[in-house]
Each structure stands twice: as structure tokens, then as C-alpha cells.
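# Structural description and commentary
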Amino acid sequence: MKFKSINPYNEEILNEFQEHTLTEINAILNQAEEGFKKWRATTFSSRAEIMKRVAALLVQNVDTYAKTITLEMGKPLMESKAEVKKCAWVCEYYAEEAEKMMALKTIKTDAFESYVTHEPMGCILAIMPWNFPFWQVFRFAAPALMGGNVGLLKHASNVFGCAVHIENIFKEAGAPLGAFQNLFLHHDKVEYLLAQDVVKAVTLTGSEIAGASVASIAGKNIKKSLLELGGSNAFVVLADADLDNAVSVGVNARMLNSGQSCIASKRFIVHESVYEEFVGKFTKIVSQLKAGDPIEEGTKIGTLARKDLADTLKKQVDESVQMGALIKIGGHQKNAFFEPTVLTNITRDMPVFKEETFGPVAPIMKFKNIDEAFELANDSQFGLGVSVFTKDLDKLKPYISKINDGAFFVNDLVKSDPRLPFGGTKKSGYGRELSQEGILEFVNVKTVYIKKG
């Protein structure tokens, strides 16, 4: 079959990609196996040189890569450029830190010598989404390759142009044959891939349904899986918060990438004493966001990546309105475009509170006291992160342990950072990416115990 890359803003066909045949898939797998033998034998300094060249290529060609991101999935061009630059950062970070992260760890026992080594697993399959088509891949690839593994990328079919760029970047940087390869496949071929001995583990960023399916297949084959799935992050504004800062950060936390982010703030929980002021200021800024062609400089809100995504969002908003939610601004859809929307009079049984809303929709509800705020924040099947805005840090700290999510951010939006572990709880998945925790996800932690003969 052929996959089409389509500009969601104007529905123009950008490119077509032919699905790999079974013969081609097997050749790619064989190349990965041979590539791993060579790649794992290289020194950390050699890998670091290549990874630094990858970073340099990302920066040098930022305009080209950003344009492909924007044309394929509709992200505003300014945000696409920022995404590519962040990829360079993660490559530089692991080039500098990987060797220390994987250093031999001596442990004193009754043996003459005992220690733990961290060795690469082999070929890791990455199943990646369209919403951050460069960052999600490099977030996996930089630690995996610096750790001595090789990567296979099964990207989302609507961003295969981005996948081609990424594979070429590694080739141009001097990575050996088989170190990083693309697979142009339908998702029904994932089961075949995970059944092959050469594939040692899988990491997936995507939907809950996709994650459950891939984890099941991996489990059947006794292979490790890492899942980074959906989210419905709470954004809590306490009575003493710097309201102007909370509003500014909140708009960005919800509207970045037109709301298409797993870690976007999707449930705004505001103290009743500042609720009306927050809603008024938030709505005013949202009304001023420039919407339009995402390839044009200055556009803040582009289109969603596909029309069906906008259809789903429209259904969630309409059902919530039928249940009593009030539209302060927005609510309209045209093809794949969804107007930035602010909703009030929210209750926890509404779709915009219970479900993940993957688009520029901000439901804002009120609370009376801090205990109620954190109870509402925890009332979700997801667990990626929470943002809390307050000036009283001492009062807040006892509540950190009461939140079950993988991240707790104070006076800022939840975001990924190469220096910090990233991942969720509950239906947001398991495992951690980035930082030392990320590079150690796909290694063999080997115990060595030596007694004198």
C-alpha cells in the first residue's frame, strides 16, 4: 500500500511513500543486527562525535526540517523550529553525559570483586506519533544510540517526510549502516516485528489503545516495553498565585501545538476567589491568538493534524455543552481547524474533564479549598503531570506526595527536559525517558561477582 503525506491546512498531497515489503523488512532487520555488532563496539567518545554532528545538522538545517513538520502536521512554523532546536539539545546532552550515566558501579560484597555493568540490549523498535514528529524520535534515539543500541523507527504514517529527514541526518552524521533505520509500515506489521529475535524491546508514544496493544504483543514475546501515552494534566491556581503569570503560562500550556500534546494542561482548576478574574484574562489572551496558515510567520494556532481529530474534539465540546458547560469563546470547527475555545461551568462528569481533549480547548472550573483542588487534580485516569501556581511554597510542599502523577511543576507548565526523567502513571503509561533513567531503560544491568580461585 501507499501512504500519503497530506497538508492538513489545505489538503494538498505533499508526498507518497510505498510500504516496505516483507523482503525489505527482513533486509532492514538483518542490517540492524549487523549494525549493532559494530555500533556496540564503538567507544563513547566515537558515539559522542556522531551525536554532536547530528545536533549540528539539526541546527544548520532547522528551516528545512521545520517546514516539513509544519506542512505535514500543521504545527505553527515558529514552534516547529523550536522543536528541531530542542532535538539538538537532547543530542548534545547525551553526547556529554552518557558515559557517566552508564559507568561501572562497584558494590562491596564478600567477593574479591563485585560490580554492575550497563550493556546495550540491541535493536530497539520505536513507534512514534505525529504531534512532535522530531522531538519524540530524538527523545528516544539520543539515549538509545549513545547507550550502544540501534534504532528502528515506525513513525506515524502522516509524517513519513519527517522520518526520512531523521534517518538521513544520522547517515549524514556518520552513523554506521544499520544504526538508525526507518520502516514504512502499517501498524498491523508491528506484531511481526516484535516476534523477530533481532528486536529486543519496544518504546511507544501514542494512544492508550495503541499502547495496550503493543504492550500485549511485547509481553507475549517476553520483550520489554516502555509506554508514554495520553494525559489530562491539571493546572491548579491557588488564591495567592501571581495571576498574570498563571494566565500567561496557562494559555501557552493549553494552546501550544494547537493543544495537541500529551502533557498540555487540559483541566484548569482555579480558586473561587480569583476564578472570574482568571477566566476574563485567560479568555482575552486566547481571543488575540492569531489563527491561520501555520507556515506563515506569526501564526499561533494552526490546524489540527487531521479532520477526524477535530471531529472528535467537537463531539467532546458539544456533549459537555449539552451537560451545562458554557462557551466563553470559540467552539467552532472547519475541517481540520478547531477554534481556540474556553469553557466554564465545568463538572467532573463532562467529557472535557473526564477524557483527554487533544486540541485547543480549555475547560475552567472552580474550587473552594486546597484539599478540594488536589482531589480534583487527582480525579483522572491519566497521570502525566500537574502544574500548581502559588507564592506559598512551604504550604504547597506537603501536597506534592498527594499527587499520583509522574511530574509536579510549580509556577510553570509541565514540560520535558533532557536533564529530568519523563513519564507517567496510571493510563499514561510506564517507564521513563530522558535523564539517566531514560538511558538505563534499554540496557542489560549485569551483575559481576568474582571470587579468587
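Quick summary incoming for the structure in this document. Computed from a predicted structure; not experimentally measured.

To continue, consider unusual backbone geometry. Non-glycine residue asparagine 411 carries a positive phi angle of around 60°. Within the secondary structure layout, asparagine 411 lies in the loop between strand S19 (408–410) and strand S20 (425–426). Unusually for a residue other than glycine, serine 435 sits at a positive phi of about 55°. Looking at the secondary structure, you find serine 435 in helix H15 (residues 435–439).

Moving on, we get to the packing of helix H3 (residues 62–73) against helix H6 (residues 160–172). One way to put it is that H3 packs onto H6 with a least axis distance of 8 Å and a crossing angle of 155°. One element, H3, and the other, H6, form an angle in the roughly antiparallel class. For the pair formed by H3 and H6, the contact residues are Thr64, Tyr65, Thr68, Ile69 and Glu72 on the first element and Phe160, Gly161, Cys162, His165 and Ile169 on the second. Per-class residue counts for the contact of H3 with H6 are 5 nonpolar, 4 polar and 1 charged.

What follows deals with the environment of glutamate 372. The residue glutamate 372 is located in helix H13 (residues 370–378) in this model. Note: C-alpha distance between glutamate 372 and isoleucine 269 (103 residues apart in sequence) is 9.8 Å. Setting aside residues no more than four positions away along its own chain, glutamate 372 makes contact with Lys366 and Phe367.

Next up on the list: the sheet that holds strand S22 (residues 443–450). Within the open sheet, the 3 strands sit side by side as S3-S4-S22. Their pairing is antiparallel. Unpaired on one side and paired on the other, strand S3 (105–106) and S22 mark the two borders of the sheet. Direction of pairing for S3 relative to strand S4 (residues 113–120): antiparallel, over a ladder of 2 bridges. The residue of S4 that forms the bridge with threonine 106 is tyrosine 115.

Conventions we followed
Numbering of residues begins from 1 in every chain and follows the order in which that chain's sequence is written. In keeping with the model being predicted, local features are shown solely for residues with a pLDDT of at least 70 and side-chain atom pairs are shown and tallied solely at 80 or more, while totals for entire chains, interfaces and linings include all residues. Each side-chain value is worked out from all heavy atoms of the structure, with water and hydrogens disregarded. Put simply, DSSP H or I for four residues or longer makes a helix, DSSP E for two residues or longer makes a strand, and each gets a number counted from the N terminus. Axis definition: a line fit to C-alpha positions, over the contact stretch in the case of helices; interaxial angles, taken between N-to-C directions, run 0 to 180 degrees. Reported orientations rely on four angle classes, namely roughly parallel under 35 degrees, roughly antiparallel over 145, roughly perpendicular from 65 to 115, and oblique for the rest. In what follows, residue pairs with any heavy atoms lying within 4.5 Å of each other are defined as contacts. Each residue receives one of three labels: charged for Asp, Glu, Lys and Arg, nonpolar for Ala, Val, Leu, Ile, Met, Phe, Trp, Tyr, Cys and Pro, and polar for the others, Gly being one of them. Strands qualify as paired when DSSP identifies two bridges or more between them.

Geometry only, nothing functional implied.
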